[in-house]
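Chains, contacts and geometry: an overview
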Amino acid sequence: MYAQGGYGQAPPQQQQYNAGYQQQQYAPQQQQYGVPAQQQMTEQPQQAQQTQQQETQAAPTDQSKAQPIYVDTQHDDMVHDAQLDYYGTKLATSSSGELIYAAILFQTWYLFYVGIALSPKHAQLTLYLLYPVKDRTVKIYDVSGNSYAPNATLTGHSGPIYQLSWSHPKYGTLLASASFDGSVLIHRESRQGEWILVKAFVGLHESSVNSVQFAPHEYGLVCAAGSSDGKVSILTHGGESNGDDEWTVEYLNDTPLGVNAVSWAPYGVGKEKEGEDEQCEPLPPRLVTGGSDNGIRMWTKNASTGIWEQTVVECSDAHHKDWVRDVACAPSIIPGMNVIASCSEDKTVIIWKQGGDDTAADEKKWSAKVLNTFEDPVWRVSWSITGNILAVSSGDANVTLWKEELDGVWSLVNQVEDAAGGAQGE
């Protein structure tokens, strides 16, 4: 399934948010999740959209092959992200929103208003007006088979929304959104089509929040966000079982040039404990980041001290030469082995591996291999649930699927045609 609408475009980086963002006041509502519920931020779709289910118009092809669903998101501006939930039954898309400048000319000699400029040549006054495109929304769709239907439209951000993340269903239907306005909002579906804002991290960062992702559910209800201010925030919910419904925020100083992507490593177990029969220690939480310094880092939470420790993911065989746009940790297949995919504006995708080889002299050493060099910058990478196929979204509007062969060579197995985009251009 693929959602059309400019997905994969690069968000502005290293830019302070100076649009006068004001903290919104949210009226408390009935507590349903255990987290203090706040103002309902849902704008229900129009009745015509609610009752009408849109069917996929697929060309008559081989019915034995799965056909993609092309979703008309109805966003008024660029779509930055599209995410399916755990079960693949809900699709969330996020949009941008820009200020449009309109100039109005007045034939007059009087300069009487702040914000107007005098044209010496024509002795005219030009009044510049700002018309905001009030999209900046998250749209949610219910997906079933080859059809989809609008579920809700979420608002609350005052800037473009760059990334979304669904929580594990253990914690309910939660959706986190990261925005240029420096905030992270967490919404929850209380009933079908009804969403409430359970937590608003307003002013979480001093600059744009470019990436957000929930951690594996084994670590609790935890979320990480990366920002252009060079920091990563770890958002942790106290938990209902402990009688603590509050959230705590912890900051990691990653790179001064800005963080573009975050990705949690999968939950796993390490080696067997010495002196104990067939018992393995669970691996501590690990978080991978990609930044504008062209580097990749892995943060590991020390089980004894609770302090996050940083290690640089590097190898002499390969490295990125431009901003790292996305990183993705592969699902755990081989115990003790870490696999990371990274993409960059240098048009390359690199696969990083660590451990998993009994003959390796140093288990902490990383190896790196360039999967492919593309014709355009690469914006996103995403692993299949089995961890053996990697989807790559590049600046040429193509999504390609790659698989590693037994000899370690990565080969192209499929390419998703931009049928919807082509149709619009005709």
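Since we're looking at a predicted model, the values are computed, not measured. (Residues numbered from 1 in each chain as written. Predicted model: local features only at pLDDT ≥ 70, side-chain atom pairs only at ≥ 80, totals over all residues. Heavy atoms only, no water.)

Some words on the packing of aromatic side chains
Following the criterion strictly, the structure yields 9 aromatic pairs and no others. Measuring from centroid to centroid gives 6.5 Å for Tyr162 and Phe180, while their planes differ by 80 degrees, and the two rings are edge-to-face. Taken together, the residues Tyr162 in strand E12 (residues 161–166) and Phe180 in the loop between strand E13 (174–179) and strand E14 (184–191) connect sequence positions 18 residues apart. For the pair Tyr162 and Phe180, one class covers both residues: buried. (Phe/Tyr/Trp six-rings, centres within 6.5 Å; stacked < 30°, edge-to-face > 60°. Helix = DSSP H or I, 4+ residues; strand = E, 2+ residues; numbered from the N terminus. Buried < 20%, exposed > 50% of the residue type's maximum accessible area, 1.4 Å probe, protein only.)

Re the nonpolar core
By size, the foremost hydrophobic cluster in this structure holds 18 residues, and its most contacted members are Leu174, Val184, Ile186, Phe201, Val212, Phe214 and Leu235. Mapped by element, the contributors of at least two residues to this core are E13, E14, strand E15 (194–201), strand E16 (209–214) and strand E17 (222–227). Setting aside chain neighbours within four positions, we find Phe201 in contact with Gly182, Ser183, Val184, Leu185, Ile186, Leu235, Trp247 and Val249. (Core = buried A, V, L, I, M, F, W, Y, C linked by side-chain atoms within 4.5 Å. Contact = heavy atoms within 4.5 Å.)

Concerning the side chain of Asp346
Secondary-structure assignment places Asp346 in the loop between strand E27 (338–344) and strand E28 (348–354). This buried residue, Asp346, is left without a salt bridge; Lys321 holds the nearest opposite charge, at 7.1 Å. Only 3.3 Å separates the side chain of Asp346 from the side chain of His320, close enough to count as a polar contact. Beyond its immediate sequence surroundings of up to four residues, Asp346 is in contact with His319, His320, Lys321 and Asp322. (Lys, Arg positive; Asp, Glu negative; His and termini not counted. Salt bridge = Lys/Arg side-chain N within 4 Å of Asp/Glu carboxyl O. Polar contact = N/O pair within 3.5 Å; in protein donor to acceptor, adjacent residues only side chain to side chain.)

Focus on the side chain of Asp229
Along the polypeptide, Asp229 turns up in the loop between E17 and strand E18 (231–237). Comment: no salt bridge for buried Asp229; closest opposite-charge side chain is Lys231, at 5.7 Å. Here the side chain of Asp229 touches His205 through a polar contact of 3.0 Å, side chain to side chain.

So, the pattern of salt bridges
The tally for this structure, following the rule as stated, stands at 8 salt bridges. We note a salt bridge from Arg380 to Asp81, for which the minimum N-O separation is 3.0 Å. Of this pair, Arg380 sits in strand E30 (residues 378–383) while Asp81 sits in strand E5 (residues 79–84), placing them 299 residues apart in sequence. Each of the two residues, Arg380 as well as Asp81, counts as buried. A salt bridge links Glu404 to Lys353; its shortest N-O distance comes to 2.9 Å. With a gap of 51 residues between them, Glu404 in strand E32 (residues 399–404) and Lys353 in strand E28 connect regions that are remote in the sequence. A residue is classified by how much of its surface remains accessible, and Lys353, at 21% relative accessible area, is partly exposed. Shared partners join several salt bridges into a network, and the residues in it are Lys90, Asp142 and Glu189.

A few points about the sheet that holds E15
Reading across from one edge, E12-E13-E14-E15 is the order of the 4 strands in this open sheet, with antiparallel pairing throughout. Pairing within the sheet leaves two strands with one partner each, and these edge strands are E12 and E15. If you compare each strand with its neighbour and ignore which way they point, the axes differ by 25 degrees on average. (Pairing = 2+ DSSP bridges. Axes fitted to C-alpha atoms, helices over the stretch in contact; angles between N-to-C directions.)

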